[in-house]
Amino acid sequence: MQNEEIQLASRPVGLPDEKTFRFITTEMPTPSEDEILVKTLYLSVDPYMRGRMREGKSYIAPFAIDQVISGGVVGEVVESKSPNFQKGDIVTGMLNWARFQTVKETSVQKVNPSLAPISTNLGVLGMPGATAYFGLMDIGQPKEGETVVVSGAAGAVGMIVGQIAKIQGARVVGIAGSQEKNDYLVNELNFDAAINYKDPDFKTKLAEACSNGVDVYFENVGGDISDEVFKHLNVNARIPVCGAISSYNNKEIDLGPRIQTLLIQNRALMKGFLVSDYSNRFPEGIKQLAGWIMEGKLKYEETIIEGFEKTPEAFEGLFKGTNLGKLLVKVADPSLS
């Protein structure tokens, strides 16, 4: 039996395409002492991975050319040489884009399939959920009656941010890229307003939706959208900076308005963060998110692409806005399902 993995074939200029990725057939790995053989069930495609396809210094090392790409994975243990794992266990970790792989027992954590669908460990109960929870609650600190604006509001992080803000009693304005997505935010997730950034009247509609100003702006996209939101900041506004997906595929350096004066005038706090900053508090965040789900206060959506061979297509879809909620690739079903 042979294995298959996805390598970085070249560093993309602009939007990644089929030339960016390479499928390689390899021998089936065999676990050594204290290792397990994991079959990939779901793998996660995330915007931050685009940054790892560039050369240069960043908060995490870039992917190497001709080497396998890695990211969030939920998998099944199919062979174990570890006393802590047995065949059939479901695990998650930052693993390779491969159908099968051997890993040290310390590289993964067990998943309890009875708590929620196992895919949620890559979404609402994984990195995106933790990003939303800690970024909003620790930096944004929304208060009852305040206005919270979320860009990328129909994505894996944004829709969780908006719902948490509603739980805290805030008024929530979402920004997304289609009428369908905005209808979902308002009708299903109870956002107070949602605006299509592609609308020719975007600026006017944003001003109307934020007539009392913006107290918290959860930043996911950057670019022209954020330039416009900044104009409506209230005094003591907080801006958690999670991402800037609008510029990830730019071929030139992204330039925009200088916002220092606005920050000074409004005594606003703008702080970038990484979810790994809160790694020691993950159990706290995941417990709270799971509790809200069980109470019916928090909903989530997943866009699932079927097939390992569709992984590059799924990754490209992140930057085309094809997903509602968390975008995942389903590689296989559990053997024991």
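Structure shown above.
Notes on the structure in this doc start here.

Conventions used here
- Numbering of residues begins from 1 in every chain and follows the order in which that chain's sequence is written.
- Reporting in this predicted model follows two pLDDT cut-offs: at least 70 for local features of residues, and 80 or more for side-chain atom pairs to be given and counted; totals over whole chains, interfaces and linings ignore these cut-offs and use all residues.
- For side-chain calculations, the full set of non-hydrogen atoms in the structure is used, while hydrogens and water are omitted.
- For helices the rule is a DSSP run of H or I covering at least 4 residues; for strands it is a run of E covering at least 2, with both sets numbered from the N terminus onward.
- Each radius of gyration reported is based on C-alpha atoms, and the globular scaling rule is 2.2 Å times the count of residues to the power 0.38.
- For every residue, the accessible area (1.4 Å probe, protein chains only) is compared with the maximum for its type, and the residue is labelled buried under 20%, exposed over 50%, or partly exposed between those bounds.
- All accessibility values rest on the Shrake-Rupley procedure with a 1.4 Å probe; residue burial counts only the protein chains present in the view.
- Nine residue types can take part in a nonpolar core, namely buried Ala, Val, Leu, Ile, Met, Phe, Trp, Tyr and Cys, and a core is a set of them joined through side-chain atoms within 4.5 Å.
- Residue contacts are defined here by distance: any two heavy atoms, one from each residue, within 4.5 Å place the two residues in contact.
- In protein, a polar contact means a hydrogen-donor-capable atom and an acceptor-capable atom, both N or O and within 3.5 Å, with residues adjacent in sequence counting only if both atoms are side-chain atoms; elsewhere, any N or O pair within 3.5 Å suffices.
- Think of it this way: DSSP has to see at least two bridges between two strands before they count as a pair.
- Between N-to-C directions, angles cover 0 to 180 degrees, with each direction set by a line fitted to C-alpha atoms, over the stretch in contact for helices.

1. Some remarks on the overall build of the protein chain
Thinking step 1. Counting its secondary structure elements, the protein chain contains nine helices and 15 strands.
Thinking step 2. Taken against the 2.2 N^0.38 rule, which gives 20 Å for 337 residues, the C-alpha radius of gyration of the protein chain at 21 Å falls within 12% of a compact globule.
Thinking step 3. On the principal axes, the C-alpha backbone points of the protein chain span a range of 60 × 45 × 35 Å.
Thinking step 4. When burial is assessed residue by residue, the protein chain has 51% of its 337 residues classed as buried.
Thinking step 5. Approximately 15,800 Å² of the protein chain is accessible, and the part contributed by carbon and sulfur atoms is 49%.

2. As for the nonpolar core
Nonpolar side chains in soluble globular proteins generally cluster together in the buried interior.
Thinking step 1. Formed by 34 residues in total, the largest nonpolar core has its most connected members in Leu136, Ile160 and Leu289.
Thinking step 2. Looking at this core, the elements with two or more residues in it are helix 2 (127–140), strand 8 (147–151), helix 3 (158–167), strand 9 (171–176), helix 4 (179–187), strand 11 (214–218) and helix 8 (282–294).
Thinking step 3. In terms of residue count, helix 2 provides more of this core than any other element does, six residues in total.
Thinking step 4. Setting aside residues up to four positions removed in sequence, Leu136 forms contacts with Thr131, Gln141, Pro142, Val148, Val161, Ile164, Ala165, Val216 and Phe218.

3. What to know about the environment of Ser178
Thinking step 1. Counting through the fold element by element, Ser178 comes out in the loop between strand 9 and helix 4.
Thinking step 2. When the C-alpha atoms of Ser178 and Leu255 are compared, they prove to be 25 Å apart, with 77 residues separating the residues in sequence.
Thinking step 3. Here Lys181 takes part through its backbone nitrogen, which lies 3.1 Å from a polar atom of the side chain of Ser178.

4. Brief notes about the sheet that holds strand 12 (residues 233–241)
Backbone hydrogen bonds are what pair the strands of a sheet, in a parallel or an antiparallel way.
Thinking step 1. With parallel pairing, the six strands of this open sheet are ordered in space as 10-9-8-11-12-13. Across the chains shown, the open sheet's two edge strands, defined by having one partner strand only, are strand 10 (193–196) and strand 13 (269–272). Geometrically, the sheet is characterised by an average inter-axis angle of 15° between neighbouring strands, direction not taken into account.
Thinking step 2. Here strand 9 pairs with strand 10 via four bridges, running parallel. Bridging across to strand 10, Ala176 finds its partner in Asn196.
Thinking step 3. The sheet contacts of helix 2 involve strand 8, strand 11, strand 12 and strand 13, and relative to strand 11 the element is tilted by about 145°.

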